[in-house]
Amino acid sequence: DQENPMEPAGFDEQLLGLKAGDEKEFVLGWPADGQSIYAGKQARFHVKVKNVQAYEKPELNDAFAQLVGPDYETLDDLKKSIRESIEASEKSRLENEYHNKVLDALVEISKLTYPPVVIEDQIDSMMQDTDQRLRQIGIDGIETFLRQTNQSEEQYRERLRDEGTKIARRNLVLSEVVKQEKFTVDDAEVEARIRQMLGLEADAEIDESAQAVADMLRQGAGRNMIVSQLLAEKAINLLVALARGEEVPAPGEHDTGEAEAEAADSAAATEDQPADAETEEQV
């Protein structure tokens, strides 16, 4: 079992042998080099047992499969679904890993010119993502996390610098591929992505409850985000095809769109500090 980062090691052992109505008080600590937000600290716990329950392992049969969900008539249906889910997850992981290797190979043969702010902006984005994830699990933002783990913001930013630099350099070469290949995104592609984000089929109607979200994604920052994602995907697909020796679209087949080019640029640099990348012809 995975250790619960909110509980120190040995917590469960302290509860062994207790019965309903029993109370116990004890002190436990978290290792200083651990990953918990309470690393290096101790806490006093007061536990009162309300009731004791035992887990009974269910029999794996068709009845169990039907309890899991209405899509499963038999245990074989459930096993097949789990197998397909694991296979799809692993395939996605391997594809992402391969895409990153292709991008890193292109970065290695590219001449990149960019101001330092590009890396700082990428680190800012990573810090914001971390802040959102912490709040989702009940921690009051990254400032609280840094304080409880005895880190300064500067120290944490430095821990992110290598990965942030790698991501920013990948974005730079993707932006240059988009420019040179003159990739564009049309309204139909944006609409298809909006439906995908809403969990709808390509031809499904957007109901009234989701219409406000769809409208937000059709314009302004929402549209720019989608366009940037789609352009990056087209660039990655081209690079992967080149790496695998597959047929690729002829250069110049695509028309350049002003909004699409600006969105692609934003993935690599800020408006005030433009970044540039010169790439070799071969991947």
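Residues numbered from 1 in each chain as written. Predicted model: local features only at pLDDT ≥ 70, side-chain atom pairs only at ≥ 80, totals over all residues. Heavy atoms only, no water.

A few points about the packing of aromatic side chains
Move 1: Counted according to the given criterion, the structure contains 5 aromatic pairs.
Move 2: With 5.6 Å between their ring centres and 25° between their planes, Phe26 and Phe45 make a pair best called stacked. Here Phe26, found in strand β1 (residues 23-29), pairs with Phe45, found in strand β2 (residues 42-48); they are 19 residues apart in sequence, far enough to count as distant.
Move 3: Relative accessible area serves as the criterion here: at 6%, Phe26 is assigned to the buried category.
Move 4: Relative accessible area serves as the criterion here: at 18%, Phe45 is assigned to the buried category.
Move 5: With a centroid separation of 6.3 Å and 50° between ring planes, the pair formed by Trp30 and Phe45 is classed as tilted. With a gap of 15 residues between them, Trp30 in the loop between β1 and β2 and Phe45 in strand β2 connect regions that are remote in the sequence. (Phe/Tyr/Trp six-rings, centres within 6.5 Å; stacked < 30°, edge-to-face > 60°. Helix = DSSP H or I, 4+ residues; strand = E, 2+ residues; numbered from the N terminus. Buried < 20%, exposed > 50% of the residue type's maximum accessible area, 1.4 Å probe, protein only.)

Focus: the environment of Ala105
Move 1: Note on placement: Ala105 falls in helix α3 (residues 75-108).
Move 2: Each C-alpha atom of the pair Ala105 and Ala243 lies 9.7 Å from the other, and the pair is 138 residues apart in sequence.

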